[in-house]
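Per-entry structural report
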Amino acid sequence: MKRREYPLFLIINDILITKVLIDPHYEQKHTNSVNDEIILELAKTLSTKEHRHIAVSKNFKYFVDDKIKYKERFYKLIWMLEDNENYLGIINAYRR
């Protein structure tokens, strides 16, 4: 499956983000509890906060945010930023 792209304006770590790319990986096990709409809502919670990456590989920084609360439920979001780019890449998401 192909990554899906959505326009979304956020500021993460002082970087203006203009779009979100969602990898369909989450659909393998988590379609009962997560969908693109929920992932976009979770992504909005990242804005205007400073985040520490957990790993770096070439031009990519990887992040994990756990226990994001949305509609009285908690979620884990695994995401990345690419150097000199203006998109947020969602690698995986699932309900805790």
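As shown above, the structure is provided for reference.
None of the values given here were measured: they were computed from a predicted structure.

Moving on to the packing of aromatic side chains. Counted according to the given criterion, the structure contains 3 aromatic pairs. Between phenylalanine 60 and tyrosine 62, the aromatic rings sit 6.5 Å apart at their centres with planes inclined by 40 degrees, giving tilted as the arrangement. Classification of phenylalanine 60 as partly exposed rests on a relative accessible area of 26%. On the basis of relative accessibility, which here comes to 26%, the residue tyrosine 62 falls in the partly exposed class.

Further remarks concern the sheet that holds strand 2 (residues 15-22). Within the open sheet, the 6 strands sit side by side as 1-2-6-5-4-3. Their pairing is mixed. Here the strands that pair on one side only, and so sit at the sheet edges, are strand 1 (4-12) and strand 3 (55-57). Looking at each pair of strands side by side, their axes are set apart by 30 degrees on average, direction ignored. Note: strand 5 (residues 73-82) against strand 6 (residues 87-95), 7 bridges, orientation antiparallel. Each residue of the ladder has a partner; that of leucine 81, found in strand 6, is leucine 88. Of the strands in this sheet, strand 1, strand 2, strand 4 (60-70), strand 5 and strand 6 touch helix 1 (residues 36-44), which is tilted by about 15 degrees from strand 1.

As a further point, take the nonpolar core. Of all hydrophobic cores here, the largest spans 24 residues; its most connected members are Ile12, Ile39, Leu77, Trp79, Leu88 and Ile90. Counting residues per element, the ones that place at least two in this core are strand 1, strand 2, helix 1, strand 4, strand 5 and strand 6. If we ignore the near neighbours within four places in the chain, the residues touching tryptophan 79 are Ile12, Leu46, His51, Lys61, Tyr62, Phe63, Val64, Asp65, Leu88, Gly89, Ile90 and Ile91.

What counts, and at which threshold
- Residues numbered from 1 in each chain as written.
- Predicted model: local features only at pLDDT ≥ 70, side-chain atom pairs only at ≥ 80, totals over all residues.
- Heavy atoms only, no water.
- Phe/Tyr/Trp six-rings, centres within 6.5 Å; stacked < 30°, edge-to-face > 60°.
- Buried < 20%, exposed > 50% of the residue type's maximum accessible area, 1.4 Å probe, protein only.
- Pairing = 2+ DSSP bridges.
- Helix = DSSP H or I, 4+ residues; strand = E, 2+ residues; numbered from the N terminus.
- Axes fitted to C-alpha atoms, helices over the stretch in contact; angles between N-to-C directions.
- Contact = heavy atoms within 4.5 Å.
- Core = buried A, V, L, I, M, F, W, Y, C linked by side-chain atoms within 4.5 Å.

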